[in-house]
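Chain and residue survey
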Amino acid sequence: MDLLRSVRDQSDETEFYTPLPDGYKLGSTKYVAIFGTVMSGLGKGIFSSSLAKLLKDKALRVSPIKLEGYLNIDSGTLNPFRHGEVFVLDDGMETDMDLGTYERMLDQDLTRANFTTSGQIYSAVLSKERAGDFLGRDVQMIPHVTGEVKLRLRTLALQTKADVVFVEVGGTVGDIENAFFIEALRELRNEEGEQSVVFVALTYVLSPPALGEQKSKAAQLGIKRLMEFGIHPHIIACRAESPVTDKVRQKLSVYTNVPVKRVFSMHDLPSIYLLPEVMREEGLDSELVQLLNLGGRVNTAHELRAASRWQQFASKIGRTEPKVSIGITGKYTALRDSYASIIKALEHAGVASGSAVHVEWIDTTDISDANVAEALANVAGIIVPGGFGIRGTDGKIACIKHARLTKLPYLGICLGFQMAVVEYARNVCRLPGAGSTEIDPDCEPAVIDILPDQKKIEGLGGNMRLGGQDVLLSPGTLAAELFGGVKTIRRRFRHRYEVDPKHVEMLTSAGMIFSGRHPDHPIMQVLELPREVHPYFIGTQFHPELSSRPLRPCPFFVGLVTAAMRRQE
Ligand code: GLN
């Protein structure tokens, strides 16, 4: 097609610039693009991943991508207090928490190709400019920057052989940051063909308490804003507190020309895992299949099996008995999004163990040996999650000591693993000066330290250890038992500090067991206490919460919840 020349064919005589990856065939991949209107934080990722799941159930190959408006190259430097947790992929990419939603809903590992920021796009365009790729041309937002966006989407489609790519545009329509993403998607539909690209507008239906009824005006205006970009949605998803009334759905339909059957009520549900079923009942998946002309690729037998497995899981959500309280200590207790994956992992474990997990947030800033018993009086198990920096660490150590001495089930994650080592060195090995150099550079002995040489051997350049690594479990330990005797597991890491191997002998002879280690190097990855001493005391240097999936819950969390249930009995 003449209009779509590859980057190498560009000259300053044409305004068309759409670089295509080698081997890409226009119109063969389908795309669903999701935009947010009215306000951010509506759950675009939840909507998009649920719809993608329904297509995956039909045996279609799906691949999601999140387009972030911000200029950061990745999410690694973002404060979880502002942006929610940093989700780490197996390949080490630090991404937005929405990638976690996709991985869980789709039960599918993602890679850096599933995540793009404005910063990545600009940086790619600028490198090409320096390399002379645009020689003779002024480099412009349209067509060069939008061309780079389309190139990303098409490269992902080609790499993953996806039938359908789900494109989630971060932020809200009208933001300056994401305007070129929206423009690129408008162009994409023109190039790929009408039956290849479907647009979804996620919007918000207000219901002011003083009026006592739902109002659609803000939603209408939000969708109008999208139409100003030349994008006419095929599906409208309305977020709302309670089911959106027929009247409001009809009104939105009249104002937007979207048939009322495609104006979907996405009201609050007790769990996001109930959304796919609601969508299926409303026929949203069939609408999408029809719009994209995908009927021929659907496998109904596969769908029936997948749907029934999911229904079985979903039917166990929302139970209220028996209630198990798990305490999570943390600095970001004000913002639940900072611990999104842990909360989800607990939800999965609750379903698996037949209990209703209730999370208690415990701010450790003012906790000490003197008041820890009172602070933890109402929980049957405790998690000390990952974290960076000093604040609240003394309180965390007090909580760990209390958990160890009172046989309170304990799961320490990353920093929680490291603090369990420090607590053990101080109180069991009787080395009151023991510590981590992250918190006190002068501590002696530094049982937790930064060990650049360790990471060099893994090719990580002495910086943050990121992404999936193998963990060898010692036979006969609690960790090995949790995994049903599996010898090697793979889990995701995000840390700088670790146990200094020179103190391992001292810790183990005092009773601590390092039941998970790096297969080749002296890197401690799982710790536990003997079962004769404590029913469930485990720490992991990695982040087990990142790989927990609804139908494949993480054994470390199931173990914690089960132990907590036993304690309550
Ligand atoms: N701050 C610790 C480290 O860098 C722990 C990191 C974490 O908990 N994610 O090693």
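Above this text is the structure in question.
Residues numbered from 1 in each chain as written. Predicted model: local features only at pLDDT ≥ 70, side-chain atom pairs only at ≥ 80, totals over all residues. Heavy atoms only, no water.

We now examine the overall build of the protein. When you go through the protein residue by residue, the secondary structure sums to 19 helices and 21 strands. Along the first, second and third principal axes, the C-alpha atoms of the protein reach 75 × 60 × 45 Å. Residues classed as buried in the protein amount to 58% of the 569 residues present. For the protein, restricting intrachain contacts to residue pairs at least 6 apart in sequence, the fraction spanning at least 24 positions comes to 73%. With the model as given, the accessible surface of the protein reaches about 23,200 Å², and the carbon-plus-sulfur share is 50%. (Helix = DSSP H or I, 4+ residues; strand = E, 2+ residues; numbered from the N terminus. Buried < 20%, exposed > 50% of the residue type's maximum accessible area, 1.4 Å probe, protein only. Contact = heavy atoms within 4.5 Å. Areas by Shrake-Rupley, 256 points an atom, 1.4 Å probe, with all protein chains shown as cover.)

Burial runs high along helix H9 (residues 275-282): six of the eight residues are buried. Within H9 the residues assigned to the buried category are Leu275, Pro276, Glu277, Val278, Met279 and Arg280. The inward-facing, buried residues of H9 abut helix H1 (44-57), helix H3 (98-106), strand S9 (263-267), helix H10 (284-291) and helix H11 (300-315). Positive phi appears at Gly283, one or two residues downstream of H9, with a value of about 80°.

If you walk through the whole model with that rule in mind, you get 40 salt bridges. A salt bridge links Glu187 to Lys150, with the shortest nitrogen-to-oxygen separation between them at 2.7 Å. Of this pair, Glu187 sits in helix H6 (residues 179-192) while Lys150 sits in helix H5 (residues 141-160); the two residues are 37 residues apart in sequence, bridging distant segments of the chain. Each member of the pair, Glu187 together with Lys150, is buried. Across the pair Glu191 and Arg154 runs a salt bridge, and its minimum N-O distance is 2.8 Å. Of this pair, Glu191 sits in helix H6 while Arg154 sits in helix H5; the two residues are 37 residues apart in sequence, bridging distant segments of the chain. Assessed through its relative accessible area of 14%, Glu191 is described here as buried. Look at Arg154 and you get buried, because its relative accessible area is 0%. Salt bridges sharing partners connect three or more residues here, namely Glu103, Asp107, Asp109, Arg492, Arg549 and Arg552. (Salt bridge = Lys/Arg side-chain N within 4 Å of Asp/Glu carboxyl O.)

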